[in-house]
Protein chains: 2
Amino acid sequence: MNEYDALKLKNQLCFPLYAVSKEITRMYKPFLDPINLTYTQYITMMVLWENDGLNVKTLGEKLYLDSGTLTPLLKKLEQQGIVTRTRHKENERNVTINVTPKGYALREDALKVPEQIVKCLHLEPEEGAMLYKILYKLLDQSK
Amino acid sequence: MNEYDALKLKNQLCFPLYAVSKEITRMYKPFLDPINLTYTQYITMMVLWENDGLNVKTLGEKLYLDSGTLTPLLKKLEQQGIVTRTRHKENERNVTINVTPKGYALREDALKVPEQIVKCLHLEPEEGAMLYKILYKLLDQSK
DNA sequence: TACAATTAAATTGTAAACAATTTAATTGTA
DNA sequence: TACAATTAAATTGTTTACAATTTAATTGTA
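Residues numbered from 1 in each chain as written. Chains lettered and ligands numbered in written order. Predicted model: local features only at pLDDT ≥ 70, side-chain atom pairs only at ≥ 80, totals over all residues. Heavy atoms only, no water.

**Re the state of the cysteines**
A complete count under the given rule lists zero disulfides over all chains for this structure. Lacking any disulfide linkage, Cys 14 of chain B is separated from the closest cysteine sulfur, that of Cys 120 of chain A, by 12 Å. Classification of Cys 14 of chain B by relative accessible area gives buried; the value is 7%. (Disulfide = S-S within 2.5 Å. Buried < 20%, exposed > 50% of the residue type's maximum accessible area, 1.4 Å probe, protein only.)

**Concerning the protein's contact with DNA strand C**
Among the 29 residues in the neighbourhood of DNA strand C, the closest are listed as Thr 38 of chain A together with Tyr 18, Lys 57, Thr 71 and Arg 85 of chain B. Contacts to DNA strand C include Arg 93 of chain A, whose side-chain N or O atom sits 3.5 Å from a sugar or linking oxygen. With respect to DNA strand C, the side chain of Ser 67 of chain B contributes an N or O atom lying 2.7 Å from a base nitrogen. Taken together, the residues of the surface near DNA strand C break down into five nonpolar, eleven polar and 13 charged. (Near = heavy atom within 4 Å. Polar contact = N/O pair within 3.5 Å; in protein donor to acceptor, adjacent residues only side chain to side chain. Nonpolar A, V, L, I, M, F, W, Y, C, P; charged D, E, K, R; others polar.)

**Comments concerning the packing of helix H2 (residues 39–50) of chain A against helix H4 (residues 67–79) of chain A**
All names here are of chain A. Between H2 and H4, whose axes approach to 11 Å, the crossing angle comes to 80 degrees. Compared by their axis directions, H2 and H4 come out roughly perpendicular. Residues Thr 40, Gln 41, Thr 44, Met 45 and Leu 48 of H2 pack against Leu 70, Leu 73, Leu 74, Lys 76 and Leu 77 of H4. Classifying every residue of the contact of H2 with H4 gives six nonpolar, three polar and one charged. (Axes fitted to C-alpha atoms, helices over the stretch in contact; angles between N-to-C directions. Helix = DSSP H or I, 4+ residues; strand = E, 2+ residues; numbered from the N terminus. Parallel < 35°, antiparallel > 145°, perpendicular 65-115°, else oblique. Contact = heavy atoms within 4.5 Å.)

**Describing the packing of aromatic side chains**
Scanning all chains against the criterion turns up twelve aromatic pairs over all chains. Three or more aromatic residues link up through ring pairs in this structure, and these residues are Phe 15 and Tyr 18 of chain A together with Tyr 28, Tyr 39, Tyr 42 and Tyr 64 of chain B. Directly above the aromatic system of Tyr 4 of chain B lies the positively charged group of Arg 107 of chain A, at a separation of 3.8 Å from the ring centroid. (Phe/Tyr/Trp six-rings, centres within 6.5 Å; stacked < 30°, edge-to-face > 60°. Lys NZ or Arg CZ within 6 Å of the ring centre and 35° of its normal.)

**A few points about the interface of chain B and chain A**
Interface extent is often summarised as the accessible area lost during association of the parts. Each side of the interface is counted separately: chain B has 57 residues, and chain A has 57 residues. Around 5,900 Å² of area is buried between chain B and chain A when both sides are counted, 69% of it from carbon and sulfur atoms. On inspection of chain B and its partner chain A, the count reaches two salt bridges. Between Glu 127 of chain A and Lys 137 of chain B there is a salt bridge; the shortest N-O distance is 2.8 Å. Between chain B and chain A we count twelve residue pairs in polar contact (both at pLDDT 80 or more) in total. Mapped onto the side of chain B that touches chain A, the elements with two or more residues apiece are helix H1 (14–32), helix H2 (39–50), helix H3 (56–63), helix H5 (101–110), helix H6 (112–120) and helix H7 (125–141) of chain B. (Buried area = accessible area lost by both parts, 1.4 Å probe. Salt bridge = Lys/Arg side-chain N within 4 Å of Asp/Glu carboxyl O.)

**Structural notes on the protein's contact with DNA strand D**
As a structural note, the neighbourhood of DNA strand D is formed by 30 residues, with Tyr 18, Lys 57, Thr 71 and Arg 85 of chain A together with Thr 38 of chain B the closest of them. In the interface set of DNA strand D, defined as its atoms within 4 Å of the protein, sugar plus phosphate atoms amount to 79%. At 2.5 Å, a side-chain N or O of Tyr 18 of chain A approaches a phosphate oxygen of DNA strand D. The contact in question runs from a phosphate oxygen of DNA strand D to an N or O atom on the side chain of Lys 75 of chain A, over 2.7 Å. For the surface near DNA strand D, the secondary-structure elements that each account for two or more residues are helix H1 (14–32), helix H3 (56–63), H4 and strand S1 (83–87) of chain A together with H2 and helix H4 (67–79) of chain B. A class-by-class count of the residues in the surface near DNA strand D yields six nonpolar, eleven polar and 13 charged.

See the structure below:
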């Protein structure tokens, strides 16, 4: 229509991505509050539950987060008694993160979270699959 | 496969959404740095360029942001001389945001940002259109 | 008209998020 | 072996982001 069309919010792909991401994070809050995790702590625990004993760097690669975000977050999880942080003996530059028994107990409580979220997202299965595929295509590009 | 499958990162739709959103925001940085805007400031200016004279509440509805985020952000834009913030005479609860001439001059510089971003995102046109459609479907649900 | 309820911004407090720098350990090489 | 280069975490500083609360203005109603 006019010369500034490229700068209209409705013509951006980044904006609905940004807004939906925030809204979904907010949607998790009432389900994560009872188990005392924030959204970022929750996805961090997901990776650790699957992969105990990762170091900060590898954890960051999987989550697309750096040590500036992870170090304080992991210290909070440590304070809660959910993980331990120990310098690796062989290479003291690495810090190994381990899930404690309390951390594994939390996994049981967390099991009900995904099903509650699915109920809130009203997408056709094909739409969900398509969204997933396109997002990972984009994510793979930034590696 | 096993009882904890629902808690695997690869089985979440939220995670690639969250990660892609962050990566794209990061991708904007080198293009926004020269015009002295952060990503959030940039999309805020997009709305204001299109719609001068909005109040904080309406701006927040369009951007899915609250006054806790917008107030300090708008103060920074005011300090840069890009917008003005004035209490509305008729209803002093409202603060009206106006774009200054300097703010409109910035719009000219911002024009080149979208084309630079498009070059970085390697998506088929149909994929982009599909992504856009699904994201707005989700966004409309959270209203 | 009084005053309760509502509303819009701002404020407070906490947790991300990340760029840039620093620290300490390890590795590579002259 | 010395020491430069690299690497992994941690730290510093700035900006978001949002829940919860506060402040001040307006609106509704008894």
